[in-house]
Amino acid sequence: MTLQHYLLVSAALFALGVLGLLTRRNAVNVLMGIELILNSANLNLVAFSRYGTGNLEGQLFAVFVVVIAAAEVAVALAIVLTLYRLRRTPNLDEADILKG
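Residues numbered from 1 in each chain as written. Predicted model: local features only at pLDDT ≥ 70, side-chain atom pairs only at ≥ 80, totals over all residues. Heavy atoms only, no water.

Peer 1: Help me understand the overall build of the protein chain, please; the structure alone is not making it clear to me.
Peer 2: Summing up its helical and strand segments, the protein chain has three helices and zero strands in all. Mapped from its N terminus to its C terminus, the protein chain presents α and β elements in the order α-α-α. The globule rule puts the C-alpha radius of gyration for 100 residues at 13 Å, and the 17 Å found for the protein chain is more than 25% above it. Oriented by its inertia axes, the alpha-carbon framework of the protein chain measures out at about 50 × 25 × 15 Å. The proportion of buried residues among the 100 residues of the protein chain is 21%. Contacts spanning at least 24 positions in sequence make up 51% of the contacts within the protein chain whose residues lie at least 6 apart. Distance from the positive charge centre (7 side chains) to the negative charge centre (6 side chains) of the protein chain: 7 Å. (Helix = DSSP H or I, 4+ residues; strand = E, 2+ residues; numbered from the N terminus. Rg over C-alpha atoms; globule rule 2.2 N^0.38 Å. Buried < 20%, exposed > 50% of the residue type's maximum accessible area, 1.4 Å probe, protein only. Contact = heavy atoms within 4.5 Å. Lys, Arg positive; Asp, Glu negative; His and termini not counted. Charge placed at Lys NZ, Arg CZ, Asp CG, Glu CD.)

What follows is the structure, given as structure tokens:
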């Protein structure tokens, strides 16, 4: 596979993530869209690291992005569970109760 193939797959993942982020109202679906966007960025990092100068800096940065994404999912799921406990719905339109 060439670099263009990886970039095409990454662009498709990014487009699907943005589409899921903008069209869904369910909090879990929005989180999945954010994860698709992060995975497309990771794919770009690894592809450029492989086809670039041959160093591992892009792959190392991709590992850090995965760790940050795992922390983001833990915090976001806690917020979604709190929203569901208070409103009995994961709909983001009714998330105004968390404003404080």
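So that's the structure; there's more coming.
Peer 1: Is there a simple way to explain helix α3 (residues 57-87) in this structure?
Peer 2: For the α-helix, the turn length of 3.6 residues means that residues three or four positions removed from each other point alike. Its 31 residues give α3 an end-to-end C-alpha distance of 44 Å, which sits within 8% of 45 Å, the value for a rise of 1.5 Å per residue. Looking only at α3, the buried set comprises G58, A62, V65, A69, A76, V80 and L83. Those residues of α3 hidden inside the fold are in contact with α2 (27-51). Just downstream of α3, R88 is the residue with a positive phi angle, here 60°. (Expected span 1.5 Å × (residues − 1).)

Peer 1: Looking at this model, I keep getting lost on helix α1 (residues 3-23). Mind explaining?
Peer 2: Its 21 residues place the ends of α1 30 Å apart at the C-alpha level, agreeing with the 30 Å of an ideal helix rising 1.5 Å per residue. Buried residues in α1 make contact with α2.

Peer 1: What should I look at first to understand the environment of L83 in this one?
Peer 2: Along the chain, the position of L83 falls in helix α3. Taking C-alpha positions, L83 is 6.6 Å from A95, a pair spaced twelve residues apart along the chain.

Peer 1: In this structure, what is going on with the packing of aromatic side chains? I would like to understand it.
Peer 2: Any pair of aromatic rings gets described here by the distance separating the centres and the angle formed by the planes. Per the stated rule, a full pass over the model turns up one aromatic pair. On the basis of an interplanar angle of 50° and a centroid distance of 6.0 Å, the ring pair of Y6 and Y51 is categorised as tilted. With Y6 in helix α1 and Y51 in helix α2, this pair connects stretches of sequence that are 45 residues apart. With relative accessibility at 33%, the residue Y51 sits in the partly exposed group. (Phe/Tyr/Trp six-rings, centres within 6.5 Å; stacked < 30°, edge-to-face > 60°.)

Peer 1: Please explain the side chain of S49 as it appears in this structure.
Peer 2: Among the structural elements, S49 can be located in helix α2. Owing to a relative accessible area of 5%, S49 belongs among the buried residues under this scheme. Not counting residues within four places of it along the chain, the set of residues in contact with S49 comprises G54, N55, L56, E57, G58 and Q59.

Peer 1: What am I meant to see in the confidence of the model for the protein chain here?
Peer 2: As a note on interpretation, predicted positions should not be read in detail where pLDDT is low. Of all residues in the protein chain, 96% have pLDDT values of 70 or greater, and the mean over the chain is 85. Ranking the elements of the protein chain by mean pLDDT puts α3 last with 84 and α1 first with 94. (pLDDT = per-residue confidence, 0-100.)

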